[in-house]
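Descriptive structure summary
Below are the chains, spelled out letter by letter.
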Amino acid sequence: MIPARDAGRTPDVGRIRGRRLRGRVGVLGACGLLLTAPCVAWPGAASTVAPSARVDGGTADGGVPQGLRRYYQQGLVWEPCLDVPSFQCTEVKVPLDYADPDAGDVLLAVTRKRATGGGARIGSLLVNPGGPGDSAVDYLADGADDFSPSVRAAYDLVAVDPRGVQYSTPVTCESDTVTTAAGAGRRLSDEAVEIASDETGYAQLGNACAKHAGRLLPHVGTVDAARDMDVLRALLGDDRLHYVGFSYGTYLGATYADLFPSRVGRMVLDGAVDPAMDGYQNFLQTAGGFQVAWESFAADCAARPDCPLGHSVKEISRTLDTLRRSLGRVPLQQGKDISITGDDLLVAVTTALKAPAWDLLREALRGVLAGDTTVLQQLLGSSEDTSGNAGDAFFAISCLSAPLAPRFTAAQVRAALPQFRHTSPQFGEFYAPSLLQCAYWPVPPAQPAKPVSAPGAAPVLVVGTTRDPATPYSWAKALTRQLSSGRLLTYDGDGHLAYLRGSACVDTAVDRYVTLGQLPPVGATCT
């Protein structure tokens, strides 16, 4: 997982997220956390989905504890979403604390695009774009048509915003503190000053979140979100959970599989997180992943006679370093409102490497060398987050899971800098300060770094891209080895993620598994 808010499925550069789903989800912001009384029901129900006759996914042994039965047996009221009436919206009630179901409820926003028909319907296919903190509801609204006709015919496509995220009961810290989100670190020209500034920002954010969202914070972790998915599975009438998860969504999916192995259906995990990896290695290896991706881009550029950056990987890397240092000292001004710093430059570079958008990156860097930031601003615009509380949710969810976020002191960060610089000469300094991000979080991690196995689960298809900058290919191999039924599909390519990103080979292999249950052969590689 890229340690950043945009860690999930990176949108195509230049694509503008222009839609928001409103319907039943429109009342969630007002209802929020239900501690005593239920929210007023949304009027005008279009249909009611009866609870599954076989609600047996509440625990690993197939039984639903008495205190949870009311959640597994609630009825869902669906109605057309106001902005996108071809989608249906509903809300699901889940316990704030699974260990104490009487402590209150939270609401989850759910949307679905009904199966188109034309064949045998398999069930519901739950999708999660990653993050953590990205809205799955918005993702599905924008991307449902990206799925093949065969998948859309066989499944209702379903998305739920995890607890703490956007349209579901959200984590809202109401903080004006400017923090350095992971993946958007600073060049440490004056290490002591920069790290101290980051440390202060993270401390202020932690205090603000404790003040404004304190009761919710212990209960927005990945384990809780996985248990919520099992409630939704039962309410949708599916005996097994069919699921496609991207980036952080693979960690959520693997957590579900480990909790409920008998409930796993056709599961696809693209851009895998290694659940056994600690947070330090997460950040270090992500920096290394971007180094690999940068050198792949640089080698391609060097082979082109019109490359604006140089004629070897080494020369091109020096050009990037020089630009970054120069902009760190004197930002590039474009008119009176635009100022591009060295950190802005690296944000644009990492965005382009994830897409991948190599043509655009060459032109952006050519422009910066000439004093023009027009194309660079296009890349920076595509990296901006527009999904409400994504920043607060990112920290709240990440800080509860040891594999996602470490808790380092400023002194430990300074000590770690040499290893980060060695692993990634271009991006090591960029990522190292993010080791601080959970140092002052008010809630301790609840999910340790440990392997998952999901014994007895149906086959889980893991998709890994060899030069994925955000979730290095080694993570996909590690997750596949851990899962008792893991099968790895390799995409020999560039960019973050592979499914629905333009590879007909990958898309065909995934679609065959999702619709027909046919796994690709052992060792299968797409190019």
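Residues numbered from 1 in each chain as written. Predicted model: local features only at pLDDT ≥ 70, side-chain atom pairs only at ≥ 80, totals over all residues. Heavy atoms only, no water.

One pass over the full model with this rule turns up three cavities of 30 Å³ or more. Roughly 90 Å³ of internal volume is contained in the largest cavity. Taken together, 13 residues form the lining of the largest cavity, with Val160, Pro162, Ala225, Met229 and Leu252 sitting closest to its centre. Every element with two or more residues in the lining of the largest cavity is listed here: strand S5 (123–128) and helix H6 (222–235). The residue inventory of the lining of the largest cavity, partitioned by class, reads nine nonpolar, one polar and three charged. Considering only enclosed or pocket space, the second largest cavity measures out at about 40 Å³ in volume. Taken together, Ser124, Leu126, Leu232, Arg233, Leu236, Asp238, Arg240, Leu241 and His242 make up the lining of the second largest cavity. For the lining of the second largest cavity, the elements supplying multiple residues, two or more each, are S5, H6 and strand S7 (241–246). Residues of the lining of the second largest cavity, tallied by class, amount to four nonpolar, two polar and three charged. (1 Å grid on protein atoms, 1.4 Å probe; cavity = no way out; pocket = protein on both sides within 12 Å on 5 of 7 lines; lining within 4 Å. Points joined across faces, edges and corners; volume = space filled by probe spheres on them. Helix = DSSP H or I, 4+ residues; strand = E, 2+ residues; numbered from the N terminus. Nonpolar A, V, L, I, M, F, W, Y, C, P; charged D, E, K, R; others polar.)

Another aspect to go through is the pattern of salt bridges. In this structure the tally under the stated criterion is 15 salt bridges. The closest approach of N and O atoms between Lys450 and Asp258, which form a salt bridge, is 3.4 Å. With a gap of 192 residues between them, Lys450 in the loop between helix H15 (428–431) and strand S11 (460–467) and Asp258 in helix H7 (residues 248–259) connect regions that are remote in the sequence. By relative accessible area, Lys450 is classed as partly exposed at 39%. We classify Asp258 as partly exposed; its relative accessible area is 24%. With a closest N to O distance of 3.6 Å, Asp300 and Arg362 form a salt bridge. Of this pair, Asp300 sits in helix H8 (residues 279–302) while Arg362 sits in helix H11 (residues 358–369), placing them 62 residues apart in sequence. In this structure Asp300 comes out as partly exposed when scored by relative accessible area, which is 23%. Classification of Arg362 by relative accessible area gives buried; the value is 8%. (Salt bridge = Lys/Arg side-chain N within 4 Å of Asp/Glu carboxyl O. Buried < 20%, exposed > 50% of the residue type's maximum accessible area, 1.4 Å probe, protein only.)

Further remarks concern the state of the cysteines. Considering all chains together, one arrives at five disulfides under this definition. Bridging Cys399 to Cys438, the disulfide has an S-S length of 1.9 Å. Taking the sign of the S-S torsion, about -85° here, the bridge from Cys399 to Cys438 comes out left-handed. Highlighted residues: Cys399 in the loop between helix H13 (390–398) and helix H14 (410–423) and Cys438 in the loop between H15 and S11, separated in sequence by 39 residues. Each sulfur of the disulfide joining Cys505 and Cys526 lies 2.0 Å from the other. Taking the sign of the S-S torsion, about -70° here, the bridge from Cys505 to Cys526 comes out left-handed. With Cys505 in helix H17 (residues 504–516) and Cys526 in strand S13 (residues 525–526), this residue pair connects regions lying 21 residues apart in the sequence. Accessibility expressed as a relative area gives 37% for Cys505, which makes it partly exposed. (Disulfide = S-S within 2.5 Å.)

In this section: the confidence of the model for the chain. Put simply, the chain has an average pLDDT of 86, and 84% of its residues get 70 or more. Within the model, the stretch residues 1–20 combines pLDDT values under 50 with 89 contacts to residues more than four positions away or in other chains. Note on residues 178–189: pLDDT under 50 across the span, and 49 contacts to partners over four residues away in sequence or across chains. (pLDDT = per-residue confidence, 0-100. Contact = heavy atoms within 4.5 Å.)

A separate point is the packing of aromatic side chains. Two numbers describe a pair of aromatic rings. These are the distance of the centres and the angle of the planes. In the structure shown here, the tally under the stated rule is 14 aromatic pairs. Plain terms: the ring middles of Tyr280 and Phe408 are 5.4 Å apart, the flat faces sit at 15° to each other, and that makes the pair stacked. One end of the pair, Tyr280, is in helix H8; the other, Phe408, is in the loop between H13 and H14, with 128 residues separating them in the sequence. For the pair Tyr280 and Phe408, one class covers both residues: buried. Taking NZ or CZ as reference, Arg112 lies 3.9 Å from the ring centre of Trp78, over its face. (Phe/Tyr/Trp six-rings, centres within 6.5 Å; stacked < 30°, edge-to-face > 60°. Lys NZ or Arg CZ within 6 Å of the ring centre and 35° of its normal.)

Within soluble globular proteins, side chains that are nonpolar tend to cluster in buried spots. Ranked by internal contacts, the top residues of the largest apolar core, which has 119 residues, are Trp294, Leu353, Phe420 and Trp441. At 11 residues, H8 tops the list of elements feeding residues into this core. Counting residues in hydrophobic clusters, the runner-up holds 34 residues, among them Ala154, Leu461, Leu497 and Leu500. (Core = buried A, V, L, I, M, F, W, Y, C linked by side-chain atoms within 4.5 Å.)

Our next topic: the side chain of Thr351. Within the element layout of this structure, Thr351 appears in helix H10 (residues 342–354). Here Thr351 falls in the buried class, since its relative accessible area comes to 3%. Separated by 2.8 Å, the side chain of Thr351 and the backbone oxygen of Val347 make a polar contact. (Polar contact = N/O pair within 3.5 Å; in protein donor to acceptor, adjacent residues only side chain to side chain.)

A few words now on H13. Among the nine residues in H13, nine count as buried, and that is most of the element. Within H13 the residues assigned to the buried category are Ala390, Gly391, Asp392, Ala393, Phe394, Phe395, Ala396, Ile397 and Ser398.

The next thing to look at is the packing of H8 against H14. Between H8 and H14, whose axes approach to 8 Å, the crossing angle comes to 30°. Our classification of the angle between H8 and H14 gives roughly parallel. Facing Tyr280, Phe283, Leu284, Ala287, Gly288 and Gln291 of H8, the residues of H14 in contact are Ala416, Gln419, Phe420 and Thr423. (Axes fitted to C-alpha atoms, helices over the stretch in contact; angles between N-to-C directions. Parallel < 35°, antiparallel > 145°, perpendicular 65-115°, else oblique.)

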